[in-house]
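So the chains spell out like this:
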Amino acid sequence: MRPLRVLPALALAGSLLLLTGCADLGYYWQSASGHIGIMRAAKPVPEWLADPSVSAALKTKLELTQRIRNFASAELGLPDNASYKSYADLHRPAAVWNVVAAPPYSLTLKSWCFPVAGCVGYRGYYSEEAAKAEAEEQKKQDLEVAVYPVPAYSTLGWMNWAGGDPLLSTFIGYPEGELARIVFHELAHQVLYVAGDTVFNESYATAVERIGGAMWLQREAGDAARREYAQFDAQRQDFRALALNTRRALTQVYESPEAKAKDWARVDVMKQAAMADFRERYTKLKAGWSGPRQNAYDAWVARANNAAFGAQGAYDDLVPSFEKLFEREGRDWPRFYAEVRRIAALPTTEERRVALQAATGILQTQTSPEHDKTGDRGA
């Protein structure tokens, strides 16, 4: 019956193509056909568990995901639907590759606008080659560009009628704590999504994954899993703190008197100094790390630019506010989601930031400016 589920998806894809016209016909077709390919590869988890050719290691991971899935609904108030009850082996290292772009002297991400999702600061491709080709086109517009692999994405619950979002080979091998967090993050998007406000959406979902992941490790994981995750997360938190410090330094450069005077030569000197300091501090930071992930961020650091820092900020900048909001609501998930929905319903990005500040007392510093539809040079 699985191939039959693809037919309604094809109809949906055709509708999207009609809505968007001819200008982006090729892009929307690769998006629709790419997702359909993932759906066709997915099989219910029980089928994988019953298959004698499937490795014991994969079966163990799949069984773990179903416990995580049940925990998500029972303990975190996340949707109990078809998502993450099937699995697909994609035979590639990422689900999609995202392209992000920013001006030479700004962390403001260029935006692309889509049906349903609204305007977002990235453009996703199911082919790495296609993503790199798009990156080259953006460079021709005098933009800094980054291409990064994405292990999972959410269809926001719109595809649950067709089998939901599957577990993927691109993240099934993650440490237990990280595997739980990625499921919680993607399900959080099905609870709430604000079209056109990537920072709000991703920071909210990241807060849910962090809080939920800590609960899972405390209540459900064994000592070995907790130790494995502690080392994994300690290095990540060290790196995020360094990246945040650098985003703040770059923001100061791009908002400096020199930038306002359009003295780009001086601004560039200041920018390069901030980037050199970032790489020097990273070298010192990772010298204190050990284990298999000691060099995990080397490639990111080597390619770091405004686009990369801007994209990372979308996942981090408002997280402390959402975590504080969860505490303010008595660590009660229904109350927390209700309050987030109330804030999300406000009509503008600025009003949502002000409401978050009023609710939590945390000043909303803008280290990752809102997405820009033009990608113009300057701060």
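Predicted model only: the values in this text are computed from it and were never measured.

Enquirer: Help me understand the overall build of the protein in this model?
Expert: Each helix and strand in the protein was counted, giving 15 helices and eight strands. When each of the 379 residues of the protein is scored for burial, the buried share is 53%. Contacts in the protein between residues at least 24 apart in sequence constitute 75% of all its contacts with a sequence separation of at least 6.

Enquirer: Would you take a moment to explain the sheet that holds strand S8 (residues 167-168) for this structure?
Expert: The strands making up a sheet are joined through hydrogen bonds of the backbone, oriented either antiparallel or parallel. Strand order across the open sheet formed by three strands is S1-S2-S8, with mixed pairing between neighbours. Each edge of the open sheet carries a strand with a single partner, namely strand S1 (43-44) and S8. Pairing geometry for strand S2 (residues 86-88) and S8, over two bridges, is parallel. Bridge pairing in S8 places Ala88 opposite Leu168.

Enquirer: Looking at this structure, how should I read helix H2 (residues 25-41)?
Expert: Given 3.6 residues per turn, any residue in an α-helix points the same way as the ones three and four places further on. Compared with the 24 Å implied by 1.5 Å per residue over 17 residues, the 24 Å span of H2 between its first and last C-alpha is a close match. Along H2, the residues classified as buried are Tyr27, Tyr28, Gln30, Ser31, Ala32, Gly34, His35, Ile36, Ile38 and Met39.

Enquirer: Is there a simple way to explain the environment of Asp165 in this structure?
Expert: By secondary structure assignment, the location of Asp165 is in the loop between strand S7 (144-150) and S8. On the basis of relative accessibility, which here comes to 2%, the residue Asp165 falls in the buried class. C-alpha separation for the pair Asp165 and Thr155, spaced ten residues apart in sequence, amounts to 6.9 Å. Setting aside residues up to four positions removed in sequence, Asp165 forms contacts with His35, Ser83, Tyr84, Tyr153, Ser154, Thr155, Asn160 and Gln190. Only 2.6 Å separates the side chain of Asp165 from the side chain of Thr155, close enough to count as a polar contact.

Here is what the cut-offs are and how they apply
Residues numbered from 1 in each chain as written. Predicted model: local features only at pLDDT ≥ 70, side-chain atom pairs only at ≥ 80, totals over all residues. Heavy atoms only, no water. Helix = DSSP H or I, 4+ residues; strand = E, 2+ residues; numbered from the N terminus. Buried < 20%, exposed > 50% of the residue type's maximum accessible area, 1.4 Å probe, protein only. Contact = heavy atoms within 4.5 Å. Pairing = 2+ DSSP bridges. Expected span 1.5 Å × (residues − 1). Polar contact = N/O pair within 3.5 Å; in protein donor to acceptor, adjacent residues only side chain to side chain.

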